[in-house]
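What follows is each chain in one-letter form.
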Amino acid sequence: MSTLGNAAAILRLFTPDRLEVSVTEISRILGVPKSSASRLLKAMMREGLLARQENSPRYKVGNLLFEVAQLYRLNSSLIEQADDVLKTICRETGHTGYISILDGTDVLVIRMHQGSHPLRVFTPLGQRAAACATANGRALLARLSDEVVRNMHGDGLAVPSANSPQSIDDLVGNLTQVRRRGWAEATDEAIPGVASIAVSVCDPKSHEAIGFCISYPAANGGGEEKSRIIALLTAGAHRIALRFDDPFFSHQLQMVPRNPAAA
């Protein structure tokens, strides 16, 4: 792997549960000598990608990534449009909402609006999950061709639940359904006991695509509530799609069905 690839691999190791890494961990995970891991970590620290507290041998995310993230948010009007739509839906339904992007075969949470219901679903920002096993992930994967999806998962699927697609053929079949109806759902998959409904939107000019979803306790997702969530999400995505000239969504939703859950 190239130096840039190793640096990217190191940055992907940071999660809400792993805020710091050491030379020993990097050496073991990347399979490189400790001397090489040490040089790479120090180089990343010099460039601002990583930082280290005084007298600590462990590294954390540097300020440069925060600065770049802020610029990314400012430059992404698609995210702002989706964020406004999702915020309104979360207020109206009381459920929690997430905006995610596709990163390889993973889906990455970049924004979250917490619901008001006593039973609330919570996934921290920066959390990763297998895209094939989440509603946001499948809403985004559905934008790709079956051939691209198969090539992406050449090593097989990461299957966290018996309710997730169990093979690449299962996944492709699921994505066909997502393309037909315009929304994806996942129940009791990446997170046990949680159900999600998701849609995706894209800016064809920048090729930026994001998914946004509403998540709620699976036991509370009755037929009427599910239909309501689907209608709100698809109507919001339709408005964004028309604004950005997104053909994937705008040609599907000339009108929101009265009972979208039955679609």
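Structural data are supplied above this passage.
Treat the numbers as computed from the prediction; the structure is a model and nothing was measured.

(A) Looking closely at the packing of aromatic side chains. Under the defined criterion, the tally for this structure stands at zero aromatic pairs. For the cation-ring pair, Arg 181 lies above Trp 183, with the distance from its terminal atom to the ring centre recorded as 3.7 Å.

(B) Quick peek at the sheet that holds strand E3 (residues 96-103). Taken in spatial order, the six strands of this open sheet run E5-E4-E3-E8-E7-E6, and their pairing is antiparallel. The sheet terminates laterally at strand E5 (128-130) and strand E6 (184-187), the two strands that pair on one side only. Within this sheet the neighbouring strands show an average axis-to-axis angle of 30°, counted without direction. Where E6 meets strand E7 (residues 194-203), four bridges bridge the pair, whose relative direction is antiparallel. Looking at the pairing, Thr 187 lines up with Ala 195 of E7. Helix-sheet contacts for helix H5 (residues 77-93) involve E3, strand E4 (106-113), E7 and strand E8 (208-217), and the interaxial angle to E8 is about 15°.

(C) Representation of the packing of H5 against helix H9 (residues 223-244). Axis separation between H5 and H9 bottoms out at 10 Å; the angle between their running directions is 155°. Judged by the inter-axis angle, H5 sits roughly antiparallel to H9. Note on packing geometry: the crossing formed by H5 with H9 is right-handed. Contacts between H5 and H9 involve Ser 77, Leu 78, Gln 81, Ala 82, Val 85, Leu 86, Ile 89, Glu 92 and Thr 93 from the former and Glu 225, Arg 228, Leu 232, Leu 233, Gly 236, Arg 239, Ile 240, Arg 243 and Phe 244 from the latter. Across the contact of H5 with H9, the residue classes break down as nine nonpolar, four polar and five charged.

(D) Here's a closer look at the pattern of salt bridges. Under the counting rule described, the total for this entry stands at 14 salt bridges. Close ionic contact of Arg 181 with Glu 185 constitutes a salt bridge, the shortest N to O distance being 3.7 Å. On the accessibility criterion, Glu 185 (23% relative accessible area) is partly exposed. Put simply, Glu 185 and Lys 226 hold a salt bridge, and the shortest N to O gap is 2.8 Å. With Glu 185 in strand E6 and Lys 226 in helix H9, the pair connects residues that are 41 residues apart, well separated along the chain. Among the charged side chains, a salt-bridge network with shared partners connects Arg 12, Asp 103, Asp 106 and Arg 128.

(E) Summary view of the side chain of Ser 100. Tracing the chain through its elements places Ser 100 in strand E3. Within the structure, Ser 100 has its side chain in polar contact with the side chain of Asn 136 (distance 3.2 Å). The residues contacting Ser 100, other than those within four sequence positions of it, are Val 107, Leu 108, Val 109, Ile 110, Asn 136, Leu 140, Ile 210 and Gly 211.

(F) Representation of H9. Given a rise of 1.5 Å per residue, 22 residues ought to cover 32 Å, and the 31 Å separating the end C-alpha atoms of H9 matches this to within 8%. Just past H9, the residue Asp 245 takes up positive phi, approximately 60°.

(G) A look at the side chain of Thr 134. Its location among the elements puts Thr 134 in the loop between E5 and helix H6 (135-141). Sequence-distant contacts of Thr 134, that is, excluding residues within four places in its chain, are made with Val 107, Ala 129, Ala 186 and Ala 190.

(H) Local environment of the pairing of E8. In terms of burial, E8 is largely enclosed, as nine of its 10 residues are buried. Pairing geometry for E7 and E8, over 10 bridges, is antiparallel. In the strand pairing of E8, Cys 202 is matched with Ala 209. Adjacent in sequence and paired antiparallel, E7 and E8 are bridged by four residues, among which His 207 carries a positive phi angle near 65°.

(I) Looking closely at the pairing of E3. Extensive coverage of E3 is indicated by the burial of six of its eight residues. Here E3 pairs with E8 via five bridges, running antiparallel. Paired with Gly 97 across the strands is Ile 214, a residue of E8. Pairing of E3 with E4 involves seven bridges; the strand directions are antiparallel. By the bridge assignment, Ile 101 is partnered in E4 with Leu 108.

(J) Inspection of the nonpolar core at higher detail. One finds Ile 210, Phe 212, Ile 214, Leu 233 and Ile 240 to be the most contacted residues of the largest nonpolar core, which totals 25 residues. Going through the elements one at a time, H5, E3, E7, E8 and H9 are the ones with two or more residues in this core. Once residues within four sequence positions are removed from consideration, Ile 214 is found in contact with Leu 86, Ile 89, Cys 90, His 95, Thr 96, Gly 97, Ala 195, Ser 196, Ile 197, Ile 229 and Leu 233. Residues Val 107, Ala 131, Leu 140 and Leu 175 belong to the second largest nonpolar core, which totals 22 residues.

Procedures and definitions
- Residues numbered from 1 in each chain as written.
- Predicted model: local features only at pLDDT ≥ 70, side-chain atom pairs only at ≥ 80, totals over all residues.
- Heavy atoms only, no water.
- Phe/Tyr/Trp six-rings, centres within 6.5 Å; stacked < 30°, edge-to-face > 60°.
- Lys NZ or Arg CZ within 6 Å of the ring centre and 35° of its normal.
- Pairing = 2+ DSSP bridges.
- Helix = DSSP H or I, 4+ residues; strand = E, 2+ residues; numbered from the N terminus.
- Axes fitted to C-alpha atoms, helices over the stretch in contact; angles between N-to-C directions.
- Contact = heavy atoms within 4.5 Å.
- Parallel < 35°, antiparallel > 145°, perpendicular 65-115°, else oblique.
- Left-handed = near helix turned anticlockwise from the far one by under 90°.
- Nonpolar A, V, L, I, M, F, W, Y, C, P; charged D, E, K, R; others polar.
- Salt bridge = Lys/Arg side-chain N within 4 Å of Asp/Glu carboxyl O.
- Buried < 20%, exposed > 50% of the residue type's maximum accessible area, 1.4 Å probe, protein only.
- Polar contact = N/O pair within 3.5 Å; in protein donor to acceptor, adjacent residues only side chain to side chain.
- Expected span 1.5 Å × (residues − 1).
- Core = buried A, V, L, I, M, F, W, Y, C linked by side-chain atoms within 4.5 Å.

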